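Take a look at the letters that make up each chain.
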Amino acid sequence: MTHSQEIEVQSASLGNTSVVELSLTLVLLFLFSAVTMFWLKAFYHLSNISDPCYFSHLAWSFLHYRLDLVGFSPKSIDLSFFNGRVYAYWPPLSAICMMPFVWLRGGPLLFPQRVFGILVAAGAVPLIYLLILRFDGLTERCSTRAERVMTTVFFAFGTSNLIFGVVALHWFIGQLTASLALLAAILLMLDAAQNSPTKTLFAGLCFSFAVLGRANLLLTFPSWLLLGWASTLTRPPLRLRRPPAAFFVAVATAVGGAIGLCWYNYTRFGSFFEFGISYNRMAEMFKTDFARHGYTSLCYLPRNIYFELIRLPGMQLIDRRDAWLGFSIFAQCPIFLGLFAPLRRKRDVCLAAVLGMGAFLAVVSSLLILGTGWRQFGSRYFYDAVPFLIPLLRLKQIRTGWWIGLGIVSIVINIYGIGWFVPVG
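What counts and what doesn't
- Residues numbered from 1 in each chain as written.
- Predicted model: local features only at pLDDT ≥ 70, side-chain atom pairs only at ≥ 80, totals over all residues.
- Heavy atoms only, no water.
- Helix = DSSP H or I, 4+ residues; strand = E, 2+ residues; numbered from the N terminus.
- Expected span 1.5 Å × (residues − 1).
- Buried < 20%, exposed > 50% of the residue type's maximum accessible area, 1.4 Å probe, protein only.
- Arc of directions from axis to C-beta.
- Contact = heavy atoms within 4.5 Å.
- Axes fitted to C-alpha atoms, helices over the stretch in contact; angles between N-to-C directions.
- Parallel < 35°, antiparallel > 145°, perpendicular 65-115°, else oblique.
- Left-handed = near helix turned anticlockwise from the far one by under 90°.
- Phe/Tyr/Trp six-rings, centres within 6.5 Å; stacked < 30°, edge-to-face > 60°.
- Salt bridge = Lys/Arg side-chain N within 4 Å of Asp/Glu carboxyl O.
- Core = buried A, V, L, I, M, F, W, Y, C linked by side-chain atoms within 4.5 Å.

Peer 1: Which parts of the structure should I look at to understand helix H19 (residues 400–418)?
Peer 2: Every α-helix carries 3.6 residues per turn, so stepping three or four residues along brings you back to the same face. For H19, spanning 19 residues, the distance from its first C-alpha to its last is 28 Å, which sits close to the expected 27 Å at 1.5 Å a residue. Buried within H19 we find Trp 403, Leu 406, Gly 407, Ser 410, Ile 411, Asn 414, Gly 417 and Ile 418. For H19, the buried positions fall inside an angular range of 135 degrees around the axis, keeping them on one side. Away from its buried face, by an angle of more than 90 degrees, H19 presents the exposed residues Gly 401, Trp 402, Val 412 and Tyr 416. Residues of H19 that are buried sit in contact with helix H2 (19–43), helix H6 (145–157), helix H7 (160–167), helix H16 (329–332) and helix H18 (386–394).

What follows is the structure, given as structure tokens:
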């Protein structure tokens, strides 16, 4: 298939959608998502949830040319005390994004963190639609606008995107901003083969932002890079052509994000690879494991696999572990059971392998750390893989009835999951 034929196929998959119609669809998806999330926030009375809002305080520190958190006690939970200063161990992307808003509000205490969370979660929805649209064209899948909108809503409200946005605890916001950047990076990387310096530059910037939000996403670099040959991966025999010159712009920019994160660590703790975990005042439930095995170890793998992939809701009555430690991603989001379906086209096997590898690399480090997350509904860490799982599911052959059923059930479960965070009493 020639490049002109590719464009014709993609145009057919868009249903002759004009730029105006596409723009209107994206705006409506954003508004619908934001309004729905604001309504759910009000319905569940989530304004009463206690959260220290570390990122808005860190943004305030950045505005005053400081990297530490001002005004926090060294005994503050989940923070790191080093050389007489208190630091947040999370990467800084969320704080960087909040800086202009914190400045406008005149301080971190006045910053509406949950409004920010909802806007970020709603902002991911148009990108999900564009990613579906792009992959449908790439794989010659003729889909209607209604089908694409329905699938977008399934991913927007049937995954942790909904809970993260509405509840908006500080660690949820950290994942939301990183996921938003990774979605944009994947979407832009698909067009890198067109030798567009502008698109490849922004692809690299978005990937570097994703790494500045979630350091483990750096491991997805090979899969993200290979998506620059996505159109070739869908056509046998597999021949990776020579990358265009602009392709290296994206690579250099993405590497710059990793260098920036290392500099951020070195400036605070004197080590390129120290995030502050060694000095962290962690919860009591994690201290014993940390003293025995450290922060990462193969010893944690069986337990984390159990919590992230196997454990079902209610099993805390059997395993006697805290319900806040989460449960299987497939129980929280049944829509991902579609991953076990066969490919729609056998020739997409290489593209599916690249996307599957990206999803695996996004979560493999989370399976090796001392905890699976806490104060969560379902599987929080596996949300890092969603930007790769969305296009992977579009390559699957799933019956329409099953797809709609799994999507609706996923939405119902995650709307119910918001209620887990409602303060008692």
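Peer 1: In this structure, what is going on with helix H8 (residues 170–189)? I would like to understand it.
Peer 2: Given a rise of 1.5 Å per residue, 20 residues ought to cover 28 Å, and the 29 Å separating the end C-alpha atoms of H8 matches this to within 8%. Summarising burial for H8: 18 of the 20 residues are buried, a large majority.

Peer 1: Explain the packing of helix H5 (residues 113–138) against H6 here, please?
Peer 2: Two packed helices can be described by the angle between their axes and the distance between those axes. Between H5 and H6, whose axes approach to 9 Å, the crossing angle comes to 130 degrees. When the axes of H5 and H6 are compared, the pair comes out oblique. Judged by the twist between their axes, the crossing of H5 over H6 is right-handed. Contact with H5, carried on its side by Val 125, Ile 128, Tyr 129, Ile 132, Leu 133 and Asp 136, involves Arg 145, Arg 148, Val 149, Thr 151, Thr 152, Phe 155 and Ala 156 of H6 and no other residues of that element.

Peer 1: I'm lost on the packing of aromatic side chains in this one. Help?
Peer 2: Note on aromatic pairs: each is described by the distance of the centres and the angle between the planes. Summed over all chains, the structure comprises 32 aromatic pairs. Consider the rings of Phe 32 and Phe 157, whose centres lie 5.8 Å apart with planes at 70 degrees: the pair is edge-to-face. Of this pair, Phe 32 sits in helix H2 while Phe 157 sits in helix H6, and the two are 125 residues apart along the sequence. Here Tyr 54 and Trp 90 contribute two aromatic rings whose centre-to-centre distance is 5.6 Å and whose plane-to-plane angle is 25 degrees, an arrangement assigned as stacked. Of the two residues, Tyr 54 sits in helix H3 (residues 54–63) while Trp 90 sits in the loop between strand S2 (85–87) and helix H4 (93–105), which places them 36 residues apart along the sequence. Accessibility assignment for this pair places Tyr 54 and Trp 90 in one class, buried. Taken together, the ring pairs in this structure connect Phe 164, Trp 171, Phe 172, Trp 324, Phe 327, Phe 377, Tyr 383, Tyr 416, Trp 420 and Phe 421 into an aromatic cluster.

Peer 1: Quick question: what am I supposed to make of the pattern of salt bridges here?
Peer 2: Should their charged atoms come close, side chains of opposite charge can pair. Applying the stated criterion across every chain yields a total of twelve salt bridges. Here Glu 21 and Arg 145 are joined by a salt bridge, their closest N and O atoms 3.6 Å apart. In this pair, Glu 21 is assigned in helix H2 and Arg 145 in helix H6, connecting sequence segments 124 residues apart. Note that Arg 141 is salt-bridged to Glu 147, the shortest N-O span being 3.6 Å. What makes Glu 147 partly exposed here is its relative accessible area of 25%. Salt bridges sharing common partners tie together Asp 136, Arg 141, Glu 147 and Arg 394.

Peer 1: Even after reading the chapter, I still don't get the nonpolar core, so can you show me in this structure?
Peer 2: One broad trend across soluble globular proteins is that nonpolar side chains are buried collectively. One finds Phe 155, Trp 224, Leu 227, Phe 336 and Ile 418 to be the most contacted residues of the largest nonpolar core, which totals 114 residues. Ranked by residue count, the leading element in this core is H5, at 14 residues. Not counting residues up to four positions away in its chain, the partners in contact with Phe 155 are Ile 128, Ile 132, Asn 161, Ile 335, Phe 336, Ile 390, Leu 393 and Trp 403.

By themselves, these are just geometric observations and shouldn't be taken as functional.
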